[in-house]
Amino acid sequence: MTEPRSAEAQAIVANLPDALISETVKLGSLYLCIERERIADVLALLKSDPGLRYDYFSECVGVDYSEWKEERDLGSRFEVVYNLMSVSSGARVFLKVGADDGEAIPTCMHVFAGAEYPEREVHDLLGIEFQGNGNYPGERFLLPDDWVGYPLRKEFPLGGEDVVFAHGTLGPAVEDIASPLAGESFEGTTGTENVSPQGR
Amino acid sequence: MAKSPFMPTTGTSFERTGENSMIVNMGPQHPSTHGVLRLVCELDGETVVKCRCVIGYLHTGMEKEAESQTYQKCVVMTDRMDYLNANGNNLAHALAVEKLLGCEIPIRGQYLRVILAELSRIASHCVWLGTHALDLGAMTPFFYIMQQRELILDMFEMFSGVRMMPSWIVPGGLRGDVPDGFEVKVRAFLRDFPGEIEVVEGLLVENPIWRERTQDVGIMTGAQALELGCSGPIARASGVAWDLRKSHPYSGYENFEFQIPVGKTGDVYDRFLVRIAEMRESAKIVEQAMDQLPSGPVNTLDRKVAPPDRSELDTSMEAVIHHFKLWTEGYRTPVGEAYAGIEGSKGELGFYIVSDGTNRPYRWHERPSSFMNLKALEVLAEGRLIADIIAIIGSIDIVLGEIDR
């Protein structure tokens, strides 16, 4: 990668030479791509560095990029974006970590205790495993315990899912898989010729 | 998993730590859990050994749903997240989309947004104060303060026709200007509100029962609050002088003078004082915004984002095309990602939107303030009496619609 420009990137390169992948500024916000295995160390570093002091853990959010067609920072299917802020300086930084199916991200609960809930949410809705945040094995967080699948994955249909009864048996589907209204498509074009039967 | 015939702990793997402890299940249908929150508590006598929150009873998959809706249609889902601070949610969503679009809102639009957001904050704090006091046995404040909230909801009804979910702040501006008579109503409210809040405050501040129940209960330090991701009045009650309206001003907040109330001990009582003081500051902001409110348009002049005025449709073909395109397709945001955070009534309220260049978000996520604040309950309840849990839940001020989304 090129020379680190921001103070955050320089601190990471100086202390954890193998952790930083890339550095970009989008719409005025700093995004740093971090190696998956080193995320907890990077968070600890940014938190304790006396010049930076990223002491406020805002949240972390998962994104499924499996249907993404544009350019990207990372190559893996999922991205988890950590949102940190320094209350003293007001600076904000977004750390990105990539993960593919079946790859686990180290938890950062020991660095920021508040990471427990958002990590569990990402696991529940996207199926990304957080190594070390294993207080509740096999347990769903926002979804019912007998729910099958991860709804925020792109292949999960919007509507059309079977009703799940207790003990894992499946009932009838609630409604048809959502399709665009006549004359409207999910790609944002109008005119009946563009209507796709399955949506996106 | 602790199994017992009369202590249902289904839905959570809860490890009992002591031998003589008892597991008590609070909620989801419990009056003082403020919605469908379920708490599984391990008790040693009356002392809480461990407390776990079980959530998800209101999960409706809004973030998934948004991926198939245009940005305009996403607005109505934001109201239903934190339904007590609907205008704040609308504003956060609008700011995130506008950041992607790079569009500017005229001053009148910005100030009207501030007025609506601050009125929402007062209304939200009114509900908090009423229910929090009610939980701890004080019934009178509820009746006084809910009356004030009703007045604010009347104003919301006046401009949007809806009391709780106005969906009035949209990307590109507002759905419309406020009607005639709105200012008179706001001014009348602002005139009486400080007196009304003093009445309610007087019922509680020096009240020995209230102080007994709230002082030195649920103490959290500032560093602890930030580490847990707590923001807003909770962090400020713990001595963290941080408010996004000051540190990252948006929508013209830099033009208003107001204070950030900060607590010292970080207990339930301090959170109560901070929120009361915040209501007064919000009223001051509304007054200033009303005084400085310029005339002019409320929406961006970019016709690709905000619809043309109705009067233009009769004479301009271009306006008709813009109108048609906006209400059939919406607008396309450039490829990219944006996060915009505001100071909601419960803390930092932000939207993280990933756009793939279509008219719908590729990923649409709310940074839920109550969800992050809720973690504090598990930490604060440990070692306290079970009655203190009620005080702590009330002081955290959660809305389950936002937690579960």
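You'll find the structure just up there.
So, here is what we can say about the structure in this document.

Quick notes on the rules
Residues numbered from 1 in each chain as written. Chains lettered and ligands numbered in written order. Predicted model: local features only at pLDDT ≥ 70, side-chain atom pairs only at ≥ 80, totals over all residues. Heavy atoms only, no water. Pairing = 2+ DSSP bridges. Helix = DSSP H or I, 4+ residues; strand = E, 2+ residues; numbered from the N terminus. Axes fitted to C-alpha atoms, helices over the stretch in contact; angles between N-to-C directions. Contact = heavy atoms within 4.5 Å. Buried < 20%, exposed > 50% of the residue type's maximum accessible area, 1.4 Å probe, protein only.

### Things to note about the sheet that holds strand β3 (residues 56-64) of chain A
All names here are of chain A. What the 5 strands build is an open sheet, ordered β1-β2-β5-β4-β3; its pairing is mixed. The open sheet is flanked by β1 (20-26) and β3, the only strands paired with a single partner. Going from strand to strand, the sheet's axes swing by 20 degrees on average, the running direction of each strand aside. Where strand β2 (residues 29-34) and strand β5 (residues 92-99) come together, 5 bridges link them in parallel fashion. Note on β5: the bridge partner recorded for cysteine 33 is lysine 96. The sheet strands contacting helix α1 (residues 7-15) are β1, β2 and β5, and the helix crosses β2 at an angle near 20 degrees.

### Points about the pairing of strand β6 (residues 336-343) of chain B
All names here are of chain B. Of all 8 residues in β6, 7 are buried, a share of seventy percent or more. Sheet topology places β6 next to strand β7 (residues 348-355); 8 bridges connect them, and they run antiparallel. Of the residues in β7, the one forming a bridge with isoleucine 342 is leucine 349. Linking β6 back to β7 in an antiparallel pair, the connection comprises 4 residues, with glycine 347 at a positive phi of about 140 degrees.

### Here we look at the side chain of glutamine 72 of chain B
Tracing the backbone through its elements, the reader meets glutamine 72 of chain B in helix α2 (residues 71-79). Sequence-distant contacts of glutamine 72 of chain B, defined by excluding residues within four places in its chain, comprise Arg175, Leu326, Trp327, Gly330 and Tyr331 of chain B.

Just geometry here; none of it tells us what the structure is for.
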